[in-house]
Amino acid sequence: MVKHIILWTLNPELSEEEKKSVKAGIKEGLEGLMGKVPGLIDVKVNIDGRLDSSNCDVMLDSTLESEEALKGYAKHPEHVAVADGKVRPYTVQRTCLDFEV
C-alpha cells in the first residue's frame, strides 16, 4: 500500500468566507473520488481544527493499493477535474509526501 499525503496553503488574498467555501469544495471533490478511481482505498481531507501553529490550510490523507495505483490516480480524469477546478486555482503552495506502508 502507498500513502499519499498532500498539504496545501490557500491563496492569502481569499477572504475567510471564500477560504471556507474553497476548503469545503476541495473536501467534497477529493473525498468524492472514492469508488471512482481504481486502487483508491481511503481518502480523507482535513479542513477543520487548524491551530495557529499551522503553516498550511488543507491536508489530503489518502491510501492507494500500490505505486501503480498512485500513478493512475494522478492522471485519472475525475481526479484531474477536481485538481484543476477546486484546488489549483485557489492554492499557492503544495507539499507532497508519498511512501509505502
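Everything quoted here is computed from the prediction, not taken from an experiment. (Residues numbered from 1 in each chain as written. Predicted model: local features only at pLDDT ≥ 70, side-chain atom pairs only at ≥ 80, totals over all residues. Heavy atoms only, no water.)

## Digging into the pairing of strand 3 (residues 58–64)
The buried count for strand 3 comes to 5 of 7 residues, which makes it a mostly enclosed element. When strand 1 (residues 2–10) meets strand 3, the two strands line up antiparallel, connected through 7 bridges. Counterpart to K3 in the pairing with strand 3 is T63. Pairing of strand 2 (residues 40–46) with strand 3 involves 6 bridges; the strand directions are antiparallel. Within strand 3, the position partnered with V43 by the bridge is S62. (Buried < 20%, exposed > 50% of the residue type's maximum accessible area, 1.4 Å probe, protein only. Helix = DSSP H or I, 4+ residues; strand = E, 2+ residues; numbered from the N terminus. Pairing = 2+ DSSP bridges.)

## Let's talk about the sheet that holds strand 2
Taken together, the 4 strands give an open sheet; going across it, the order is 2-3-1-4, and neighbouring strands pair in antiparallel fashion. With one partner strand each, in any of the chains shown, strand 2 and strand 4 (91–100) form the two edges of the open sheet. Between one strand axis and the next, the sheet turns through 15° on average, direction left out of account. This element, helix 1 (residues 16–31), spans strand 1, strand 2 and strand 3 of the sheet and lies at about 170° to strand 2. (Axes fitted to C-alpha atoms, helices over the stretch in contact; angles between N-to-C directions. Contact = heavy atoms within 4.5 Å.)

## Some details on the state of the cysteines
Evaluated as defined, the whole model comprises 0 disulfides. Unpaired in this structure, C56 has its nearest cysteine sulfur neighbour in C96, at a distance of 13 Å. For C56, a relative accessible area of 18% gives the class buried. What makes C96 partly exposed here is its relative accessible area of 34%. (Disulfide = S-S within 2.5 Å.)

## Thoughts on the side chain of H76
Tracing the sequence through the fold places H76 in the loop between helix 2 (67–75) and helix 3 (77–87). With relative accessibility at 17%, the residue H76 sits in the buried group. One polar contact links the side chain of H76 to the main-chain amide nitrogen of E78, over a distance of 3.1 Å. Residues in contact with H76, not counting those within four places in the same chain, are K36, V37 and P38. (Polar contact = N/O pair within 3.5 Å; in protein donor to acceptor, adjacent residues only side chain to side chain.)

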